[in-house]
Amino acid sequence: MATMKSVRTGAKNQVDVVECERPVPGPRDVLVRIRACGICGTDTFFVRTGGTPYNAEGGLVPLLLGHEPAGEIAELGTEVTGLKVGDRVVVNPQGVPSGIIGCGGAHGGMSEYLLLEDAEIGRTLAVLPDTVPFDVAALNEPMAVARHCVNRSGAGPADQVVVFGAGPIGLGVTIWLKLRGVRHVVVADIVPERLETALAVGADAVIDPAAEDVSARLTELHGEAADALGRPRPGTDIYIDAAGAAAVFNTTVGTAKWGARLVMVAVQKPSEAIDLGGMLPSELTLIASQGYPTEIFEVTAELVEHQERFARLISHRVPFAEVNRAFELALTPGAAEKVVVVYDDEA
């Protein structure tokens, strides 16, 4: 029996590397040899809690991790068409019948091999040229999340936008906005290194809310407008929350002009400090953005075309042999931005 290593949740704040049977593809399946897999905030949530969901005895069930994989096809089922062994691929974690990959399904992308059931180009996976590094290819899934946020925002060339939070999703949103031709994009964050990266990937300006008055700075950058009561407000059209903090919502409410839009793509931290009533004077439109209903492979060609820009989002590349260190980095606030686990030729 051929075996492989997979990563799953262990005790709280720990991961376990377990030896398990290597899947065998059925007639319509493919087996992907994983070459890189990103660590997401969802992964760290599962690791902090120790697994999910609860079993009948009330204990947590270990969960296979990883939903941002990229790799190459190792084996093909007899009925699979349009693919060949050696093809570089990214996958749709939500596109297999056995549950979401790395988020409660039967398979996890943080493994040496990943079974993709009912493999179909454009639905289950997409093929990439050999010119794309696997670590950059592993950004396909989070960049689809960022793309859906931009799609939900309705941003166009004439708009002026501010993105709160310069983590991987906020920076991905920034890149997509600029590639879409949006006129002016500001990124706000309190970490200087993040702001430097934001400028490097195309932001027109940055704001440090800990050191600057956000409203005054946005007015300087986007001109002056007003809310429905005639009070002066920045001319910012769209606010994007990629941070998930109540302070972002309240800052938006306090600065939004009449008819502005707020798109929430970050998972929100529970708070009683949010002022919903403050939305009235601006008639602020609140838009939620979740996942990537259609965008998972919409982003792939542009990820390939602009791979050097997207590569700037990766702060750490950690070998699979040191996967525990990779999760330690991802779990430690301020220690890393985007951690990608990479697999060597013998993995």
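Residues numbered from 1 in each chain as written. Predicted model: local features only at pLDDT ≥ 70, side-chain atom pairs only at ≥ 80, totals over all residues. Heavy atoms only, no water.

**Q** Is there a simple way to explain the sheet that holds strand β15 (residues 285–288) in this structure?
**A** Read across the sheet, six strands follow the order β10-β9-β8-β13-β14-β15 without closing on themselves; strand pairing throughout is parallel. Edge strands, defined here as strands with exactly one partner in the open sheet, are β10 (205–207) and β15. With strand direction ignored, the average angle separating the axes of adjacent strands in the sheet is 20°. Relative to strand β14 (residues 261–264), strand β13 (residues 238–241) runs parallel, the two sharing four bridges. The residue bridging Y239 from the neighbouring strand is L262, located in β14. Relative to β10, helix α5 (residues 192–200) is tilted by about 160°, and along the sheet it contacts β9 (184–188) and β10. Across the face of the sheet, helix α6 (residues 214–222) comes into contact with β8 (160–164), β9, β10 and β13 while running at roughly 170° to β10. (Pairing = 2+ DSSP bridges. Helix = DSSP H or I, 4+ residues; strand = E, 2+ residues; numbered from the N terminus. Axes fitted to C-alpha atoms, helices over the stretch in contact; angles between N-to-C directions. Contact = heavy atoms within 4.5 Å.)

**Q** Mind showing me how you'd approach the pairing of strand β3 (residues 30–38) here?
**A** A regular strand places its side chains so that they alternate between the two faces of the sheet. Of all nine residues that make up β3, nine are buried, and the element is covered over most of its length. Where β3 and strand β6 (residues 113–116) come together, four bridges link them in antiparallel fashion. The residue bridging R33 from the neighbouring strand is Y113, located in β6. Examined bridge by bridge, β3 and strand β17 (residues 339–342) share three bridges and lie antiparallel to one another. Looking at the pairing, G38 lines up with V340 of β17. (Buried < 20%, exposed > 50% of the residue type's maximum accessible area, 1.4 Å probe, protein only.)

**Q** Help me understand the environment of D159, please; the structure alone is not making it clear to me.
**A** With respect to the helices and strands, the residue D159 is situated in the loop between α3 (140–153) and β8. Judged by relative accessible area, D159 falls into the buried class, the value being 14%. In the structure, D159 is positioned 85 residues away from A74 in sequence and 46 Å away in space, judged by C-alpha atoms. Beyond its immediate sequence surroundings of up to four residues, D159 is in contact with G154, V182, R183, H184, D237, I238 and R261. Looking at D159, its side chain comes within polar contact range of the main-chain nitrogen of G156, at 2.8 Å. (Polar contact = N/O pair within 3.5 Å; in protein donor to acceptor, adjacent residues only side chain to side chain.)

**Q** Mind showing me how you'd approach the side chain of D135 here?
**A** On the secondary structure map, D135 appears in helix α2 (residues 134–137). Contact partners of D135, with chain neighbours within four places excluded, come to A36, I314, R317, V340 and V342.

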